[in-house]
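For reference, the chains in residue letters:
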Amino acid sequence: MTLKSKLAVLREKMGPLWWYSALLFIGSRIGDLMNFYLGAFFLPQALSQGELGAVEPLMRLTALGALPLTVTGIVGAKYISTYLATGAEGKLKHLLRDLSLLAFGAAAVFAVVIVVLFKGITLRLGIAQPYLLPGVIGMAILACWQPMLSIVFQGALRFKANVITSLLGTGARLLLALVLVPIFSLPGYFFASLLGGLL
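Summarised in this report is the structure supplied together with it. Keep in mind that this is a model prediction, so the values were computed, not measured.

1. Topic: helix α6 (residues 159-184)
Piece 1. Compared with an ideal rise of 1.5 Å per residue, which puts 26 residues at 38 Å, α6 spans 35 Å between its outermost C-alpha atoms and is within 8% of the ideal.
Piece 2. Of all the bends in α6, the greatest measures close to 35 degrees and is centred on Ala 177.
Piece 3. Here α6 has its buried residues at Asn 162, Val 163, Gly 169, Thr 170, Gly 171, Ala 172, Arg 173, Leu 174, Ala 177, Leu 180 and Val 181.
Piece 4. Residues of α6 that are buried in the fold lie against α1 (3-46), α2 (49-63), α5 (132-155) and α7 (186-198).
Piece 5. Directly beyond the C-terminal end of α6, a positive phi value near 65 degrees is found at Ser 185.

Here it is as structure tokens:
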């Protein structure tokens, strides 16, 4: 019996609920391990103390842009699943359009806010990097759109695709960080995160 057939038998025994829950759990833990190596071993060696201390506040700042779609997605995924099951294509397109407009509006507003506040933030953190602003804005815009993909995958019950996409993005961020951080320092980390998220 091949590995693929063994997995198929195991999936049949576990049922879809526990099978996909296990996939999501394992995928998340693998991603956590890659992030742990990046944050606990690589970045402390590659960045100065001041730059390392700025990573967490700046990443949390960019993550704020995800709030509108993250909150809406709790309900949105359920409606996507319902519309797909009932064949309500018109309602599905309307919902996806509304979610896209929400993401676009949040990205535009948040980018302007970061541009206005960025100088004060960097002074407060004690960092001065010429390429940091584009990286932070890019990450903020990406954060506004990333929940959209998760909402669609969850609503369409594409859990396997969700896990694979997440792992590919985390792996790409790790590899890109290994290349870009030694060259661009702190901005390199944000560019690596941005490119990894786009992949």
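2. Regarding the pattern of salt bridges
Piece 1. The tally for this structure, following the rule as stated, stands at four salt bridges.
Piece 2. Taking the shortest distance from any N to any O, the salt bridge between Glu 56 and Arg 60 comes out at 2.8 Å. With Glu 56 and Arg 60 both in helix α2 and four residues apart, the pair spans about one turn of that helix.
Piece 3. Judged by its relative accessible area of 42%, Glu 56 is partly exposed.
Piece 4. Owing to a relative accessible area of 58%, Arg 60 belongs among the exposed residues under this scheme.
Piece 5. Taking the shortest distance from any N to any O, the salt bridge between Arg 97 and Asp 98 comes out at 3.4 Å.
Piece 6. Given the relative accessible area of 45%, Arg 97 is considered partly exposed.

Thresholds, definitions, all that
- Residues numbered from 1 in each chain as written.
- Predicted model: local features only at pLDDT ≥ 70, side-chain atom pairs only at ≥ 80, totals over all residues.
- Heavy atoms only, no water.
- Helix = DSSP H or I, 4+ residues; strand = E, 2+ residues; numbered from the N terminus.
- Expected span 1.5 Å × (residues − 1).
- Bend = angle between axes of the 7 residues up to and from the residue.
- Buried < 20%, exposed > 50% of the residue type's maximum accessible area, 1.4 Å probe, protein only.
- Contact = heavy atoms within 4.5 Å.
- Salt bridge = Lys/Arg side-chain N within 4 Å of Asp/Glu carboxyl O.

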